[in-house]
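If you want the building blocks of each chain, they are given just below.
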Amino acid sequence: MKIQIAPSILSADFCNLERDLKAISNADLVHVDVMDHHFVPNLTLGEPIVKRICEVSPLPVDAHLMIDDPDRWAPEFAKAGANSVTFHMGATHAPVRLARQLHDMGAKACFAVRPAEPVEPLFDILEEFDMVLIMTVEPGFGGQKFLDNQMNKVRRLRDEITRRGLKTHIQVDGGVSPSTAHIVSRAGADILVAGSAVYGADSPAEAIESIRNNAQEAFCA
């Protein structure tokens, strides 16, 4: 399976987003964190800005909604042009219904799990989702330290996906860098989100390739 890299623009220069999007054109996705200052203690950007990002991005947009009431708001991000829309386990009331609605709109449906949340409750509805996002930091802020104790969760999820013959991707977000990419991919993740490790590097494009190469060599080794 090919490793995909999704740089997070949470670490980009918000005054020069189009420039910073072009700087990561060798990645596979652009990860856009949407925070509402309610579900998480931070406020970033909303649907109008995501819509504009979708219009100028050289990559498909992966919208990670750290917001209350995604049942109401997630479809708006699909309508804005997001290729995939991720919502959180603790925020949705009807995850299957929402996943099917997003699919009907042409977007991929993805589910996010915070560090303190178990992944097993997803198993009965796993086939409804294109991707599961495992957070290896507490959501809300970039630049946090990688929590390697979340790798057991990634392994259990990968084992379940393999056992059932599903094509569900596993994305990991939080503390991913060239030095941790092999840990994440060895556990079974195939989509890696990296923010400060990419935008804090002298060359974002070279950082992306370093993360990709380290991850690809170790994937499920």
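How each quantity is defined
- Every chain begins its residue count from 1, and numbering advances along the sequence as written.
- Residue-level local features of this predicted model are given only where pLDDT is at least 70; pairs of side-chain atoms are given and counted only at 80 or more, and the full residue set underlies all totals for whole chains, interfaces and linings.
- Hydrogens and water molecules were not included; the side-chain quantities draw on all heavy atoms of the structure.
- Take a side-chain nitrogen of Lys or Arg and a carboxyl oxygen of Asp or Glu: if they are within 4 Å of each other, that pair is a salt bridge.
- In DSSP terms, a helix is any run of H or I states spanning at least four residues, a strand is any run of E spanning at least two, and both are numbered starting from the N terminus.
- Residue burial is assigned from relative accessible area. The probe radius is 1.4 Å, only protein chains are included, and a residue is buried under 20% of its type maximum, exposed over 50%, and partly exposed in between.
- A pair of strands counts as paired when DSSP detects no fewer than two bridges linking them.
- The path from the first strand over the helix to the second decides the hand: if it runs clockwise while the strands point away from the viewer, the crossover is right-handed.

Asker: Can you explain the pattern of salt bridges? Please cite residues and give values.
Answerer: Taken as a whole and assessed by the stated rule, the structure comprises 15 salt bridges. A salt bridge links D28 to R212; the shortest N-O distance between them is 2.7 Å. Taken together, the residues span a long stretch of sequence, with D28 in the loop between α1 (17-22) and β2 (30-35) and R212 in helix α8 (residues 204-218) at a distance of 184 residues. Where D190 meets R158, a salt bridge forms, and the shortest distance between an N and an O atom there is 3.2 Å. You can see D190 sitting in the loop between α6 (181-187) and β8 (191-194) and its partner R158 sitting in helix α5 (residues 151-164), a full 32 residues away along the chain. Each member of the pair, D190 as well as R158, carries the same accessibility label: buried.

Asker: Could you give me a rundown of the pairing of strand β3 (residues 61-66), with the residues and numbers involved?
Answerer: Counting buried residues in β3 gives six out of six residues, a clear majority hidden from the surface. As defined by bridge partners, β2 adjoins β3 across six bridges and the pair is classed as parallel. Following the sheet pairing, M35 is matched in β3 by M66. On the question of chirality, the crossover connecting β2 to the parallel β3 by way of helix α2 (residues 47-56) is right-handed. In this sheet, strand β4 (residues 84-88) lies alongside β3 in parallel orientation, the contact comprising three bridges. By the bridge assignment for β4, A63 is matched with V85.

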